[in-house]
Amino acid sequence: MKQKGVQLDRETFSCSICLDLLKDPVATPCGHSYCMKCIEGFWDGEDEKKTHSCPQCRQSFTPRPVLLKNTMLAALVEELKKKTGLQAAPADLCYAGAEDVACDVCTGRKRRACKSCLVCLASYCDKHLQPHYDVAPLKKHKLAEPSKKLQENICSRHDEVMKMFCRTDQQSICYLCSVEEHKGHDTVSAAAERTERQRELEGSRLNIQQRIQDGEKEVKLLQQEVEAVNGSADKAVEDSEKTFTELIRLMEKRSFDVKQQVRSQQKREVSRVKELQEKLEQEMVELKRRDAELKLLSHTEDHNQFLHSYPSLSALSEATHSSSINIRPLSYFEDVTAALSAVRDKLQDVLREEWTNVTLTEVDVLLPAAEPTSRAGFLTYSQEITLDPNTANTQLLISEGGRKATYMRQLQSYSSHPDRFTDYPQVLSRESLTGRCYLEVEWKGGAVYVAVAYKNISRAGGGGKCGFGLNDKSWSLECFRHSNSFRHNSIHTNVAGPLSSRVGVYLDHRAGILSFYSVSETMTLLHRVQTTFTQPLPSGVWLYYGTTAEFCKLK
């Protein structure tokens, strides 16, 4: 009876929030008492509502009441402690909270469970768990971390522990299930299925870890790419300033213009790279989180809980990034320097009357884009092409629009020019191809070589240094009436595929991809090159006798 009175006193002087003896007791205007820290914390959570209420009677107060320590009540609590020996529980009191697993044996106020028994299907606090350590039959029971889901291990049909797993229906079952409704199914013990799934889990973790490693490498590569863009941009700015200084005050405004273009392009490209870098870093965070979840699951001792949780954790999303990033040793803004040098050399005499725009080609520093799969996709990269008469061999007639070249018996009366091909009936385009480009050439007659080449390909003489495909500065598709072949650096490769009077050329300069297509009602890949391009690439044609080739207008 005395003990019952003590219990009543404790409940009388306990805080209804923390369920412990009052500490720094305060009373709300409605008369209920709480620990000052508990009620202050409760009201802090209600600040957004601008009204505050009593946790017991829910009476509202506006404004928030000012609370003072109730010294009389505090003295009564201290007196109770002295008379009864009761003490306020420490901060880590082992009573179960809302989020904890409670002991199934405790009566009244339940303590926090420290273990769950997978045989008894009950959870125990330290006190009530002791028989599992002292009693011989109970010592054989399987103990695991406390779980609220023990009842999920009980078969709802037979009220038996589910120690089996049906692979046919992919669910946990009891022994009676295996001989009744699951009879004839592929059934194994839950432990055996756990072992199999554990192997799968480890494989998933290895996959995640590999993707994390790959992603971290790509993040580093992207950072190097940022540094390369910045370095190339800085050099382009420096070179442009030197060039414009030579052209004195008249060129100073243009120097500022080019500098702004470079910086603007630099900012856009760095922004694009960093955006992808951030996405990869975010994916790394998610993969690490998933790895931690799988690691935690791998240590779960409850087989059924493992099997229940595994399917939702094992599935992996596809990687959003490519498997590799190729860093090309290119000067991203070298076109600026080359263009300005040309302006300085060619336009000094007419600079006061005319200005030729110096523009930047698009700099592509991100992961290589997938090659289009339809003609419509290729056409989004279509490039306007006109032929440069100053490069045309004298046996080639260039049309007025600059798109068509025709092999002529009679030599054309072109003026002497250092860019002209002297021996091979070839011509190059005015435009240089960079970034991602697509063009088409329509031809008829004997044969044509459709090619791309560096600007510094030799022009004079009939040796291999001048002909398209006969040196390391040019790549050509040789189109005959009855066959196609590819040639680079005098290495000849036969090409299978449909013959067509129209040839498509796709270039991804940054990725080092050059592809030739047969174009008719459908597009068929004839040959693809994977290499490293170190300069912009004008396109061109080499015509046989009686052949005409025209660069098609695609836009």
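Structure: above.
Residues numbered from 1 in each chain as written. Predicted model: local features only at pLDDT ≥ 70, side-chain atom pairs only at ≥ 80, totals over all residues. Heavy atoms only, no water.

Trainee: How do you make sense of the overall build of the protein when you look at a structure like this?
Mentor: Helix and strand counts for the protein come out as 12 helices and 23 strands. Sorting the 555 residues of the protein into buried and exposed places 42% on the buried side. If you take every contact in the protein between residues at least 6 apart in sequence, the share linking residues at least 24 apart comes to 61%. Accessible area for the protein stands at about 30,500 Å²; split by element, carbon and sulfur atoms hold 51% of it. (Helix = DSSP H or I, 4+ residues; strand = E, 2+ residues; numbered from the N terminus. Buried < 20%, exposed > 50% of the residue type's maximum accessible area, 1.4 Å probe, protein only. Contact = heavy atoms within 4.5 Å. Areas by Shrake-Rupley, 256 points an atom, 1.4 Å probe, with all protein chains shown as cover.)

Trainee: When you look at the packing of helix α8 (residues 190-246) against helix α9 (residues 252-298) in this model, what are you seeing that I'm missing?
Mentor: Packed helices, taken two at a time, are described by the angle between their axes plus the distance between the axes. Two elements in contact, α8 and α9, have axes separated by 9 Å at closest approach and are oriented at 170°. The orientation of α8 with respect to α9, classified from their angle, is roughly antiparallel. Handedness of the α8/α9 crossing: left-handed. By residue class, the composition of the contact of α8 with α9 is 21 nonpolar, 11 polar and 20 charged. (Axes fitted to C-alpha atoms, helices over the stretch in contact; angles between N-to-C directions. Parallel < 35°, antiparallel > 145°, perpendicular 65-115°, else oblique. Left-handed = near helix turned anticlockwise from the far one by under 90°. Nonpolar A, V, L, I, M, F, W, Y, C, P; charged D, E, K, R; others polar.)

Trainee: Help me understand the sheet that holds strand β12 (residues 404-407) in this model?
Mentor: What the seven strands build is an open sheet, ordered β11-β12-β23-β14-β19-β20-β21; its pairing is antiparallel. If you trace the sheet from one side to the other, it starts and ends with β11 (396-398) and β21 (523-530), each paired once. Looking at each pair of strands side by side, their axes are set apart by 20° on average, direction ignored. (Pairing = 2+ DSSP bridges.)

Trainee: Explain the sheet that holds strand β8 (residues 164-166) here, please?
Mentor: Picture the strands of a sheet paired through backbone hydrogen bonds; they go either parallel or antiparallel. Spatially, β9-β8-β10 is the arrangement adopted by the three strands of the open sheet, whose pairing is antiparallel. Of all the strands in the sheet, the pair left with one neighbour each is β9 (171-173) and β10 (187-189). Pairs of neighbouring strands in the sheet enclose a mean axial angle of 35°, with direction left out of account. In this sheet, β10 lies alongside β8 in antiparallel orientation, the contact comprising three bridges. Within β10, the position partnered with Phe165 by the bridge is Val188. Its contacts with the sheet put α8 on β8 and β10, and the angle it makes with β10 is roughly 90°.

Trainee: How should unusual backbone geometry be read in this particular structure?
Mentor: In terms of backbone geometry, most residues other than glycine have negative phi values and most peptide bonds are trans. Residue Pro63 is bonded to the preceding Thr62 through a cis peptide linkage, with omega at 5°. Tracing the sequence through the fold places Pro63 in the loop between β4 (60-61) and α3 (71-84). Phi angles above zero are rare outside glycine, and Gln170 is one such case at about 55°. Under the relative-accessibility criterion, Gln170 is labelled partly exposed at 45%. The phi dihedral of Asn489 falls on the positive side, at around 55°, and the residue is not glycine. Considering the arrangement of structural elements, one finds Asn489 in the loop between β17 (484-488) and β18 (491-495).

Trainee: Explain the state of the cysteines here, please?
Mentor: Here, disulfide denotes a covalent bond that connects the sulfur atoms of two cysteines. This model, assessed by the stated rule, comprises zero disulfides. Of all cysteine sulfurs, the one in Cys30 lies closest to Cys54, which takes part in no disulfide; the gap is 3.5 Å. A disulfide-free cysteine, Cys120 has its sulfur positioned 3.5 Å from the sulfur of Cys117, the nearest such atom. (Disulfide = S-S within 2.5 Å.)

Trainee: Would you take a moment to explain the pattern of salt bridges for this structure?
Mentor: Pairs can form between side chains of opposite charge whenever their charged atoms are close. A complete count under the given rule lists 28 salt bridges for this structure. Notably, a salt bridge pairs Arg64 with Glu40, separated by 2.4 Å at the nearest N-O pair. Residue Arg64 is located in the loop between β4 and α3, and its partner Glu40 is located in helix α2 (residues 36-44); the two are separated by 24 residues in the primary sequence. With a relative accessible area of 26%, Glu40 lands in the partly exposed category. (Salt bridge = Lys/Arg side-chain N within 4 Å of Asp/Glu carboxyl O.)

Trainee: How should the side chain of Arg205 be read in this particular structure?
Mentor: Mapped onto the fold, Arg205 is located in helix α8. Residue classification places Arg205 among the buried residues on the basis of a relative accessible area of 14%. Arg205 has contacts with Asp291, Leu294 and Lys295, leaving out every residue within four places of it along the chain.

Trainee: What exactly am I supposed to notice about a nonpolar patch on the surface here?
Mentor: A grouping of Tyr175, Leu176 and Val179 is seen on the molecular surface, where their side chains present a nonpolar patch of about 280 Å² in accessible area. Structurally, Tyr175 can be placed in helix α7 (residues 175-179). Judged by its relative accessible area of 58%, Tyr175 is exposed. (Patch = residues over 30% accessible without salt bridge, like charges linked within 9 Å, V, L, I, M, F, W, Y side chains within 5 Å.)

Trainee: For this particular structure, what's the right way to read the pairing of strand β20 (residues 513-519)?
Mentor: Look at any regular strand and the pattern is simple: side chains alternate between the two faces of the sheet. Counting buried residues in β20 gives seven out of seven residues, a clear majority hidden from the surface. Neither face of β20 is exposed, since Ile513, Ser515, Tyr517 and Val519 on one face and Leu514, Phe516 and Ser518 on the opposite face are all buried. Taken together, the six bridges between strand β19 (residues 502-508) and β20 define a ladder with antiparallel strand orientation. From the neighbouring strand, Tyr506 faces β20, where its bridge partner is Ser515. In this antiparallel pair of consecutive strands, β19 and β20, the connection spans four residues, and Gly512 shows a positive phi of 75°. Across seven bridges, β20 lies against β21 in antiparallel orientation. Bridging across to β21, Ile513 finds its partner in Gln530.

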